[in-house]
Amino acid sequence: MRLRIRLAKVGLARFLSHLDLQRTVERGLRRAELPLAFTQGFNPHPRISYASALATGTSSEGEFLDVDLTEPVDPADFLARANLQLPQDVRLLEARPAPEGGDSLMAQINAAAYRLTVEGADQAALEAAVAAFLAAGAVVVTREGRSGPRPVDIRPQVYDLAVSGPGELRTVVQTGSEGNLKPEEVLAGLAQLSPNLAGADLALTHRLMLYRRDPETGVLAEPWSL
């Protein structure tokens with residue numbers, strides 16, 4: 001049996017690296033004495049696969065992982081037993097049987113929704129910059145790479161962007177193996193379009209959900225159906 005699980009990483013847990021989060025979840029599931037399936041070989045470990053790595057310092061309520069089990073477990077019972085053994089800032093929110101077959105979650109996820117909290121931004125300037133961003137044919141920012149800084153047009157990687165409250169943005173951006181846009185690059189792009197945002201800082205990044213986005217229709221599918 002395979003369960004697909006939505007996980008939250010909030011509070012101080014947002015400072016866990018992806019590797020630390022993996023270790024924390026694995027230890028919690030082991031302590032819960034759940035019937036985990038293990039890999040074969042010299043150093044067996046639970047068969048747990050994650051949809052996407054989350055940047056250190058970013059909180060989330062939309063992380064997904066698949067867990068293989070050796071016998072059926074009621075999803076609600078799985079959550080209750082696991083959460084008793086996990087830190088308060090790492091919560092398993094929902095579990096469902098995973099669809100059979102198909103590619104891995106990591107191979108299918110290609111979009112992510114974020115809530116961005118911006119400090120030091122004039123609200124009118126923020127709203128004007130978002131309107132200009134959505135109307136722009138290109139928005140070029142500087143991205144640091146292994147070979148040094150290079151200009152990148154991020155406009156095609158931003159699928160949705162809106163001001164959702166005072167100093168708050170909601171955005172859906174590309175993520176995954178085919179391209180990964182960092183939320184701070186969205187703010188950098190907005191600052192390119194509005195000099196009044198030059199002193200603005202991204203105070204908090206919170207991931208809301210992961211999706212599979214159809215490149216032709218733009219329709220977003222949550223991981224439950226993949």
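Check the entry above for the structure.
Worth saying up front: this structure is predicted, and the values here are computed from it rather than measured.

Chemist: I tried to follow the environment of L79 on my own but got confused; where do I start?
Modeler: Checked against the element boundaries, L79 lands in helix 2 (residues 75-85). Considered as a pair, L79 and L69 are ten residues apart in the sequence and their alpha carbons are 14 Å apart. Look past the residues within four positions of L79 in its chain and what remains in contact with it is L92, L93, E94 and A95.

Chemist: Honestly, the nonpolar core in this entry has me stumped. Any pointers?
Modeler: In terms of nonpolar packing, the biggest core is built from 37 residues, with F133, I154, V158, L161, L169, V186 and L190 touching the most fellow members. Taken together, the elements giving at least two residues each to this core come down to strand 5 (111-119), helix 4 (123-135), strand 8 (158-165), strand 9 (168-174), helix 5 (183-193) and strand 10 (201-213). Built from parts of two domains, this core gets at least three residues from each of domain 1 (2-106) and domain 2 (109-225). What V186 contacts, discounting residues up to four positions off in sequence, is F133, I154, V158, L161, V173 and L181. Counting residues in hydrophobic clusters, the runner-up holds 23 residues, among them L29, L34, F78 and V90.

Chemist: In this structure, what is going on with the pattern of salt bridges? I would like to understand it.
Modeler: Between side chains of opposite charge, a pair can form when the charged atoms approach closely. Counted according to the given criterion, the structure contains eleven salt bridges. Residue R6 is joined to E94 by a salt bridge in which the shortest nitrogen-to-oxygen separation is 3.7 Å. Residue R6 is located in strand 1 (residues 2-9), and its partner E94 is located in strand 4 (residues 90-97); the two are separated by 88 residues in the primary sequence. As a salt-bridge pair, R170 and E168 come within 3.9 Å of each other at their nearest N and O atoms. By sharing partners, the salt bridges in this structure join R2, R47 and D68 into a single network.

Chemist: Help me understand helix 2, please; the structure alone is not making it clear to me.
Modeler: Every α-helical turn comprises 3.6 residues, leaving residues that sit three or four positions apart pointing alike. Taken together, the buried positions of helix 2 are occupied by F78, L79, A82 and N83. For helix 2, the arc enclosing every buried residue in end-on projection is 115°, short of the 170-degree limit, so these residues lie on one face. More than 90 degrees from the buried face of helix 2, the exposed residues found are A76 and L84. In this structure, the buried side of helix 2 is in contact with strand 1, helix 1 (18-31), strand 3 (59-68) and strand 4. If you check the start of helix 2, you find a side-chain oxygen 3.1 Å away from the backbone N of A76, and it comes from D74.

Chemist: Whenever I open this one, the environment of L54 confuses me. Can you help?
Modeler: The residue L54 is located in the loop between strand 2 (48-50) and strand 3 in this model. Residue contacts for L54: discarding those within four places in its chain leaves K9, H18, S59, S60, E63 and R207.

Chemist: Please clarify how the side chain of T171 should be interpreted in this entry.
Modeler: With respect to the helices, strands and loops of the structure, T171 is situated in strand 9. Owing to a relative accessible area of 2%, T171 belongs among the buried residues under this scheme. Here D160 takes part through its backbone oxygen, which lies 2.7 Å from a polar atom of the side chain of T171. Ignoring sequence-local partners within four residues, the contact set of T171 consists of A112, A113, Y114, L116, V158, D160 and L161.

Chemist: What should I look at first to understand helix 1 in this one?
Modeler: For helix 1, with 14 residues, the first-to-last C-alpha span of 20 Å sits near the 20 Å given by 1.5 Å per residue. Considered for burial, the residues of helix 1 that qualify are L21, T24, V25, G28 and L29. Summarising the axial view, the buried residues of helix 1 lie within an arc of 125°, below the 170-degree limit, and thus occupy one face. Buried residues belonging to helix 1 abut strand 1, strand 2, strand 3, helix 2 and strand 4. Where helix 1 ends, the next residue or the one after it, E33, has phi of about 55°, a positive value.

Scoring rules and cut-offs
- Residues numbered from 1 in each chain as written.
- Predicted model: local features only at pLDDT ≥ 70, side-chain atom pairs only at ≥ 80, totals over all residues.
- Heavy atoms only, no water.
- Helix = DSSP H or I, 4+ residues; strand = E, 2+ residues; numbered from the N terminus.
- Contact = heavy atoms within 4.5 Å.
- Core = buried A, V, L, I, M, F, W, Y, C linked by side-chain atoms within 4.5 Å.
- Buried < 20%, exposed > 50% of the residue type's maximum accessible area, 1.4 Å probe, protein only.
- Domains from an automatic or database assignment.
- Salt bridge = Lys/Arg side-chain N within 4 Å of Asp/Glu carboxyl O.
- Arc of directions from axis to C-beta.
- Polar contact = N/O pair within 3.5 Å; in protein donor to acceptor, adjacent residues only side chain to side chain.
- Expected span 1.5 Å × (residues − 1).

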